[in-house]
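Listed here are the chains, written in short residue letters.
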Amino acid sequence: MISFLDLAKVNNRFRSEIDARFARILDKGWYLQGEENESFSKHFAEYCGTKYAVGVANGLDALNLIIRAHGFGTGDEIIVPSNTYIATILAISENGCTPVLVEPDIHTYNIDPDKIEAAITPKTKAIMVVHLYGQAVQMQKVWEIAGKHGLKVFEDCAQAHGALYQGIRVGNLSDAGAFSFYPGKNLGCMGDGGAVTTNDEKLYQKIKALANYGSDRKYHHIYKGTNSRLDELQAAVLDVKLPHLDADNARRREIATYYRKNITNPKIILPETYSEDAAVWHVFAVRTEERDRFQQYLTDNSVQTIIHYPTPPHKQDAYREWNNRSYPIAEEIHRTIISLPMSPVLTDDEVKQVTEIVNAYR
Ligand SMILES: *Cc1c(COP(=O)(O)O)cnc(C)c1O
């Protein structure tokens with residue numbers, strides 16, 4: 001079986017370094033808000049090119065805290081792509097805000113900037129872009145619209161660590177970026193983890209405090225905060241892996257380039273990119289009619305695939321109130337999409353095999 005993503009293989013590359021860091025933590029007996037978190041936050045901000053990064057408990061919390069720190073709540077509308085992973089939308093709902101779904105471009109799967117303006121109302125407060133499947137959104141138009149209407153711009157970077165737009169890394173393209181370090185992400189830890197990046201010192205201080213019981217110093221609480229911290233073990237894993245992220249992303253790009261050049265089956269629609277460095281290929285999502293038959297064929301030929309995602313957010317039971325709405329592009333994507341194996345530890349031979357098997361599909 002060619003596995004979709006072999007996480008043991010991914011992380012075992014760093015085994016001795018991770019072992020050493022864990023030993024250091026055990027020796028010190030310090031598990032939260034310590035040296036590892038400080039070191040990783042500093043390195044991650046440097047990597048993204050932002051002034052600040054705050055480690056938090058997971059990606060959903062990162063999104064949630066950004067919205068919360070701005071004081072957005074009931075009656076406020078936030079624009080979000082209709083085909084994103086549910087977490088982006090849940091973070092908006094969790095704050096009592098109304099998610100306003102905007103359709104994506106079917107070729108890149110990213111929010112279509114030309115459709116944003118029609119969704120703006122006097123209640124709109126922010127545009128939450130999602131760099132879906134690892135490809136940076138074309139931000140120029142988003143910035144222009146936000147500037148014209150006085151809106152904040154936030155980024156969901158959970159799938160796009162290291163992706164670039166005009167030479168600038170995601171997380172540094174808006175008022176604040178939310179990252180997830182869920183194990184399967186391009187930069188993943190060994191459990192849950194997340195971060196917020198920003199250049200705004202006040203926002204940074206506020207999110208840092210909100211994530212730690214609203215506390216700016218011990219037993220002094222300036223906000224009704226929450227507990228959302230990146231623990232020392234996870235921060236250590238991330239600090240070990242971060243220096244290898246660019247090489248891993250380069251390998252993903254190499255695989256994507258190979259797939260795009262060599263998959264020639266007319267039944268398979270390949271993903272499009274704006275520029276070579278815009279995408280870090282968190283997943284390589286292709287589209288095809290009779291998707292389930294194609295997936296079964298790949299399984300029968302020992303190629304593991306995953307569907308990101310089988311059901312669009314507005315058709316989920318959690319959003320029953322939207323079930324009768326129609327977002328035809330999102331629906332078309334969810335009906336036809338399927339992700340091929342993609343990871344930095346796939347071998348050339350495996351990539352070639354997947355390509356041959358896909359090309360032999362009739
Ligand atoms: C993974 C993911 C999240 C949520 O991250 P968690 O760490 O699992 O909470 C949010 N948005 C997108 C687009 C994701 O892929």
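The structure displayed is predicted, hence computed values, not measured ones.

Novice: Which residues make up the site of the ligand, and what values go with them?
Specialist: For the ligand, the set of nearby residues contains 13 residues, the closest of which are G59, D156, Q159, S180 and K185. Measuring from an oxygen atom of the ligand, one finds a side-chain N or O atom of S180 at 2.7 Å. A distance of 2.7 Å is found between an oxygen atom of the ligand and a side-chain nitrogen or oxygen belonging to K185. For the ligand, the protein covers 90% of the area, taking 380 Å² as the surface of the free molecule. Those elements giving two or more residues to the shell around the ligand turn out to be helix 4 (59–69) and helix 5 (86–94). Of all the elements, helix 4 adds the most residues to the shell around the ligand, at three residues. Residue composition of the shell around the ligand, by class: six nonpolar, five polar and two charged.

Novice: Go over the packing of helix 4 against helix 5, please, and point to the residues and values.
Specialist: Viewed as axis vectors pointing N to C, helix 4 and helix 5 meet at an angle of 40°, and their least axial separation amounts to 9 Å. Taken together, the axes of helix 4 and helix 5 lie oblique to each other. The handedness of the crossing between helix 4 and helix 5 comes out as right-handed. Facing L60, L63, N64 and I67 of helix 4, the residues of helix 5 in contact are A87, T88, L90, A91, I92 and E94. When its residues are assigned to classes, the contact of helix 4 with helix 5 shows seven nonpolar, two polar and one charged.

Novice: How would you explain a nonpolar patch on the surface if you had to name every residue and give the values?
Specialist: Together, L26, Y31 and L32 make up an exposed nonpolar region whose accessible area comes to about 320 Å². Structurally, L26 can be placed in helix 2 (residues 15–28). With relative accessibility at 65%, the residue L26 sits in the exposed group.

Novice: Can you break down the pairing of strand 12 (residues 284–287) residue by residue, with the values?
Specialist: What you see with strand 12 is no split at all: F284 and V286 on one side and A285 and R287 on the other are buried throughout. Both strand 12 and strand 13 (residues 337–340) contribute to a ladder of four bridges, which runs antiparallel. By the bridge assignment for strand 13, V286 is matched with I338.

Novice: Outline the packing of aromatic side chains, listing residues and values.
Specialist: All chains considered together, the criterion is met by 15 aromatic pairs. Aromatic pair F40 and F44: ring centres 5.4 Å apart, planes at 25°, arrangement stacked. Remark: F44 and F40 occur in helix 3 (residues 35–48); sequence separation between them is four residues, near one turn of the helix. The pair formed by F40 and F44 is uniform in burial state, with each residue classed as buried. Both rings, one in F40 and one in F181, keep their centres 5.4 Å apart while their planes meet at 80°; by these two values the pair is edge-to-face. Here F181 lies in the loop between strand 8 (176–180) and strand 9 (194–198) and F40 lies in helix 3, a separation of 141 residues in the sequence.

Cut-offs applied
Residues numbered from 1 in each chain as written. Predicted model: local features only at pLDDT ≥ 70, side-chain atom pairs only at ≥ 80, totals over all residues. Heavy atoms only, no water. Near = heavy atom within 4 Å. Polar contact = N/O pair within 3.5 Å; in protein donor to acceptor, adjacent residues only side chain to side chain. Areas by Shrake-Rupley, 256 points an atom, 1.4 Å probe, with all protein chains shown as cover. Helix = DSSP H or I, 4+ residues; strand = E, 2+ residues; numbered from the N terminus. Nonpolar A, V, L, I, M, F, W, Y, C, P; charged D, E, K, R; others polar. Axes fitted to C-alpha atoms, helices over the stretch in contact; angles between N-to-C directions. Parallel < 35°, antiparallel > 145°, perpendicular 65-115°, else oblique. Left-handed = near helix turned anticlockwise from the far one by under 90°. Contact = heavy atoms within 4.5 Å. Patch = residues over 30% accessible without salt bridge, like charges linked within 9 Å, V, L, I, M, F, W, Y side chains within 5 Å. Salt bridge = Lys/Arg side-chain N within 4 Å of Asp/Glu carboxyl O. Buried < 20%, exposed > 50% of the residue type's maximum accessible area, 1.4 Å probe, protein only. Pairing = 2+ DSSP bridges. Phe/Tyr/Trp six-rings, centres within 6.5 Å; stacked < 30°, edge-to-face > 60°.

By themselves these figures say nothing about function.
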